[in-house]
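Each chain, letter by letter, is given below.
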Amino acid sequence: MAKFTSILIAAVAAVSGANAFKQPCQFPYDVCGWRLQSGDLGYTPEEIQAAAPASVTGNALYGSIFHCLENGAIEWAHTCARDACNPPSSGALPNYNCAP
């Protein structure tokens with residue numbers, strides 16, 4: 001029984017703490033909404049939506065530019081036309097940008 005309890009506690013800790021280990025968005029850069037949710041950043045859809053106006057949803061949310069603030073906070077900047085938010089081009093500052 002003790003072994004089962006230890007496994008259960010470890011599983012609950014892993015699930016509840018999974019988001020605690022994400023790499024925060026790095027100040028002072030700008031990032032696309034789709035990038036915030038993917039990979040090592042791992043912001044939840046709820047965290048991304050909370051940073052944007054309520055009218056910005058779906059593809060527009062993930063095709064938006066967000067400012068990375070200090071302490072890992074994010075702030076919505078604007079939605080790209082056609083929801084076309086692109087990664088930085090090589091040799092440029094690591095800011096994401098809207099497609100032309």
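The present account deals with the structure reproduced in this document.

### Comments concerning the pairing of strand S2 (residues 64–68)
Two faces belong to every sheet, and in a regular strand the side chains alternate between them. Of all the 5 residues making up S2, 4 are buried; the element is thus mostly covered by neighbouring parts of the structure. Pairing of strand S1 (residues 30–32) with S2 involves 3 bridges; the strand directions are antiparallel. Residue pairing in the sheet places cysteine 32 in a bridge with isoleucine 65 of S2. Note that S2 and strand S3 (residues 74–79) share 5 bridges and pair antiparallel. By the bridge assignment, cysteine 68 is partnered in S3 with isoleucine 74.

### Focus on the state of the cysteines
Overall, the coordinates contain 3 disulfides when judged by the stated rule. The residue that forms a disulfide with cysteine 25 is cysteine 68, at a sulfur-sulfur distance of 1.6 Å. Residues cysteine 25 and cysteine 68 share a disulfide whose torsion about the S-S bond is about -45°; that sign makes it left-handed. You can see cysteine 25 sitting in the loop between helix H1 (2–17) and S1 and its partner cysteine 68 sitting in strand S2, a full 43 residues away along the chain. Here the two residues cysteine 25 and cysteine 68 agree in accessibility, since each one is buried. Across the disulfide from cysteine 80 sits cysteine 98; the S-S distance is 2.0 Å. Measuring handedness by torsion sign, the sulfur bridge of cysteine 80 and cysteine 98 sits at about -75° and is left-handed. A residue pair is termed long-range when its members are at least 10 positions apart, and cysteine 80 in the loop between S3 and strand S4 (85–86) and cysteine 98 in strand S5 (residues 97–98) qualify at 18 residues. The connectivity of the disulfide-linked cysteines in the protein chain, indexed sequentially, is 1-3, 2-5, 4-6.

Conventions adopted
All residue numbers refer to positions counted from 1 along the written sequence of the respective chain. Only residues with pLDDT of 70 or above have their local features reported here, since the model is predicted, and side-chain atom pairs are shown and tallied only from 80 upward, although totals for entire chains, interfaces and linings are computed over all residues. Excluding hydrogens and water, the side-chain values take into account all heavy atoms of the structure. Only protein chains enter the calculation, and the probe is 1.4 Å; a residue is then buried if its accessible area is under 20% of its type maximum, exposed if over 50%, and partly exposed in between. Numbering of helices and strands starts at the N terminus; helices are DSSP runs of H or I of at least 4 residues and strands are runs of E of at least 2. Only strands joined by at least two bridges in the DSSP assignment are considered to pair. Working definition: a disulfide is two cysteine sulfur atoms within 2.5 Å of each other.

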